[in-house]
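Structural features, examined
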Number of protein chains: 2
Amino acid sequence: MEQNSRLKAASLTPGTVRPGGRTAKVRAAVLEATQEALVEGGFHGLNMDRVAARAAVGKTTVYRRWGSAAGLVADLLRDMAEQSVPAADTGSLEGDLLANARLVHRTLTDPRMGPVFRAVIAAAACDEECATALHGFYATRVAAWATCVERAADRGEVPAGTDAGEVVRAVSAPLYYRFAVSCEPLGEADAERAAAAAATAARAGTFTGN
Amino acid sequence: MEQNSRLKAASLTPGTVRPGGRTAKVRAAVLEATQEALVEGGFHGLNMDRVAARAAVGKTTVYRRWGSAAGLVADLLRDMAEQSVPAADTGSLEGDLLANARLVHRTLTDPRMGPVFRAVIAAAACDEECATALHGFYATRVAAWATCVERAADRGEVPAGTDAGEVVRAVSAPLYYRFAVSCEPLGEADAERAAAAAATAARAGTFTGN
DNA sequence: CGCCTAATGGAACAGAATTCCCGTTTGAAA
DNA sequence: TTTCAAACGGGAATTCTGTTCCATTAGGCG
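Here is a short report on the structure shown in this document.

Scoring rules and cut-offs
- Residues numbered from 1 in each chain as written.
- Chains lettered and ligands numbered in written order.
- Predicted model: local features only at pLDDT ≥ 70, side-chain atom pairs only at ≥ 80, totals over all residues.
- Heavy atoms only, no water.
- 1 Å grid on protein atoms, 1.4 Å probe; cavity = no way out; pocket = protein on both sides within 12 Å on 5 of 7 lines; lining within 4 Å.
- Points joined across faces, edges and corners; volume = space filled by probe spheres on them.
- Helix = DSSP H or I, 4+ residues; strand = E, 2+ residues; numbered from the N terminus.
- Nonpolar A, V, L, I, M, F, W, Y, C, P; charged D, E, K, R; others polar.
- Least-squares fit on C-alpha atoms with pLDDT ≥ 70 in both.
- Contact = heavy atoms within 4.5 Å.
- Buried area = accessible area lost by both parts, 1.4 Å probe.
- Salt bridge = Lys/Arg side-chain N within 4 Å of Asp/Glu carboxyl O.
- Polar contact = N/O pair within 3.5 Å; in protein donor to acceptor, adjacent residues only side chain to side chain.
- Axes fitted to C-alpha atoms, helices over the stretch in contact; angles between N-to-C directions.
- Parallel < 35°, antiparallel > 145°, perpendicular 65-115°, else oblique.
- Left-handed = near helix turned anticlockwise from the far one by under 90°.
- Core = buried A, V, L, I, M, F, W, Y, C linked by side-chain atoms within 4.5 Å.
- Buried < 20%, exposed > 50% of the residue type's maximum accessible area, 1.4 Å probe, protein only.
- Disulfide = S-S within 2.5 Å.
- Phe/Tyr/Trp six-rings, centres within 6.5 Å; stacked < 30°, edge-to-face > 60°.
- Lys NZ or Arg CZ within 6 Å of the ring centre and 35° of its normal.

1. Focus on empty space enclosed by the protein
Taken as a whole, this structure holds one cavity of 30 Å³ or more when the rule is applied. Put simply, the parts of the chain that give the lining of the largest cavity at least two residues each are helix H9 (164–181) and helix H10 (188–203) of chain A together with helix H9 (164–181) and helix H10 (188–203) of chain B. No other element matches the eight residues that H9(A) contributes to the lining of the largest cavity. A class-by-class count of the residues in the lining of the largest cavity yields 18 nonpolar, no polar and ten charged.

2. Looking at the relation of the copies chain A and chain B
Screw-axis analysis of chain A against chain B gives a translation of 0.0 Å along the axis, an RMSD of 0.1 Å, and a rotation angle of 180 degrees. Each copy turns onto its partner about a two-fold axis. Distance from the rotation axis, computed per C-alpha, reaches its smallest value in chain A at A:Ala122: 2.1 Å. Most of the interface of chain A is mirrored in chain B, where 100% of its interface residues are also at the interface.

3. Comments concerning the interface of chain A and chain B
Listed by partner, the interface residues are 34 residues for chain A and 34 residues for chain B. Of the roughly 3100 Å² buried between chain A and chain B on both sides combined, carbon and sulfur atoms contribute 71%. For chain A, the biggest contributors to the area lost against chain B are A:Tyr177, A:Val181 and A:Arg193; these three give 19% of the whole. Linking chain A with chain B are six salt bridges, by the criterion used here. Note that A:Arg169 is salt-bridged to B:Glu184, the shortest N-O span being 2.9 Å. Applying the counting rule to chain A against chain B returns eight residue pairs in polar contact (both at pLDDT 80 or more). Of all the secondary-structure elements, those providing two or more residues to the side of chain A that touches chain B are helix H7 (113–126), helix H8 (128–155), H9 and H10 of chain A. Class assignment for the residues of the side of chain A that touches chain B results in 22 nonpolar, six polar and six charged.

4. Some points on the packing of helix H5 (residues 69–82) of chain A against H7(A)
Residue and element names in this part refer to chain A. In the contact formed by H5 and H7, the axes pass within 10 Å of each other and the chain directions differ by 125 degrees. By the angle class used here, H5 and H7 are oblique. Seen from above, H5 lies across H7 with left-handed handedness. Along the contact surface, H5 presents Val-73, Leu-77 and Met-80, while H7 presents Val-116, Phe-117, Val-120 and Ala-123. In terms of residue class, the contact of H5 with H7 is built from seven nonpolar, no polar and no charged.

5. Remarks on the nonpolar core
The nonpolar side chains of a soluble globular protein tend to be buried, and buried together. Membership of the largest hydrophobic core comes to 151 residues, with the highest contact counts inside it found for A:Phe43 and B:Phe43. Setting aside its immediate chain neighbours within four residues, B:Phe43 contacts A:Cys126, B:Leu38, B:Ala69, B:Ala70, B:Val73, B:Ala119, B:Ala122, B:Ala123 and B:Cys126.

6. A few points about unusual backbone geometry
Residues and elements named next belong to chain A. One non-glycine residue, Ala-56, adopts positive backbone phi at about 55 degrees. Structurally, Ala-56 can be placed in the loop between helix H3 (48–54) and helix H4 (59–66). On the basis of relative accessibility, which here comes to 70%, the residue Ala-56 falls in the exposed class.

7. Some points on the state of the cysteines
In the structure shown here, the tally under the stated rule is zero disulfides over all chains. Unpaired in this structure, A:Cys130 has its nearest cysteine sulfur neighbour in A:Cys126, at a distance of 8.4 Å. Considering cysteine sulfurs only, A:Cys126 is the nearest to B:Cys126, which forms no disulfide, with 5.8 Å between them.

8. Re the packing of aromatic side chains
One pass over the full model with this rule turns up ten aromatic pairs over all chains. Where A:Tyr177 meets B:Tyr138, the ring centres are 6.2 Å apart and the plane angle is 65 degrees; that geometry is what we call edge-to-face. On the criterion of chain membership, the pair formed by A:Tyr177 in helix H9 and B:Tyr138 in helix H8 (residues 128–155) is interchain, its members lying in two chains. The exposure classification of A:Tyr177 matches that of B:Tyr138, with both residues buried. Summarising the aromatic geometry, the rings of B:Phe137 and B:Tyr138 are spaced 5.0 Å apart at their centres and angled 80 degrees between planes, so their arrangement reads as edge-to-face. The burial state of B:Phe137 is the same as that of B:Tyr138; both residues are buried. An aromatic cluster is defined as three or more aromatic residues linked by ring pairs; in this entry it consists of A:Phe117, A:Phe137, A:Tyr138, A:Tyr176 and B:Tyr177. Here the basic side chain of B:Arg118 rests over the ring of B:Phe179, its NZ or CZ set 4.2 Å away from the ring centre.

Read these as spatial facts, not as claims about activity.
Here it is as structure tokens:
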């Protein structure tokens, strides 16, 4: 006698019930292949079939676990959000913000990371789940760098009540704007200007919470 | 005498040799349908087939003249770039920048324009032609608003040699960053803060060309 | 007003993406 | 170690997207 009444447990997100060995290995291979594919062809060129082939995984598995190209990117983003990058501590607000600006600049102009970020932004503009994942990614990063601004507030470099996260965002914004919106080339000078502008505005109290 | 050697002219971009009545009407209908489709389904949901149906145009025509979804968006962008929006002239740098920030904020939060801009950014991240078109669009807009900063320089509000375009970009950047990158909600306060920060940094000479 | 051909539109066609089916592999609990 | 079902893999079936063919419509010039 056969009893096959376990549809429920299995139908909810494969990979969560038995996350041991093979499943984890498949996920790692697929996310790696996804990133590689994004570097080469961007979000538009992301192809479930090719990702499966490159990851040496059955395409049925990719469709079943991730569902669509957007699902792949969303999971990749969740994976990226876990890899934390420690913030700088140079002793001055200007120095810390400059370090942040240079990190963002280096990331966006990196031949590998640049295309990935471009693709991820495209995916977020196309899919709600990706947008949420990208939001989470930056929330983590901004929170990490906000400590620089808090230290500056303690030192009296910026007014008390300054919105630390807003200062950090002000550093990244011009760089991402050039990168993804106005599609202009990004130079070292842009990073320096972004850091300087954010520091100046912060010192003047522009980012004081309401 | 027979001369049938104008195959060349026709093979290059249909719609350029005989741009009268019908052709122009078709383009208008297709671009209108494209925009409508972007509002509803974003760039990912843009479908040549459905655009053709909505525009009451043969899909062969859409494929022949625009080639792909990205081609449609690129042409839409070229169309949008032609519709100029005059810059403000309130008499003060702060006032003009605030007017600009509010315009950008209003545009991005508009239930119709918001999705279009989101889709256009996605398209630019996926396709080189769209990126170029988007770049052109913002080049036009930035140039139009740069006059505000030049007037401010004449009035002595900002140092001579200030990069006017850079000031204008600094106003938009935080708004677009929230809109497309960190995927955070956009509020009126964000517009005010962006304008104030840009004005402060400009007055301090941060945007002085090297 | 009438010709010539650019431009269009419908339908058949080709190809890629996605789903379905079912047997096989393998993690983990007994 | 044994057992059982979660998770995987290959390929057929299906659906959807994009292309090509050819007849038809309609600008623009003489």
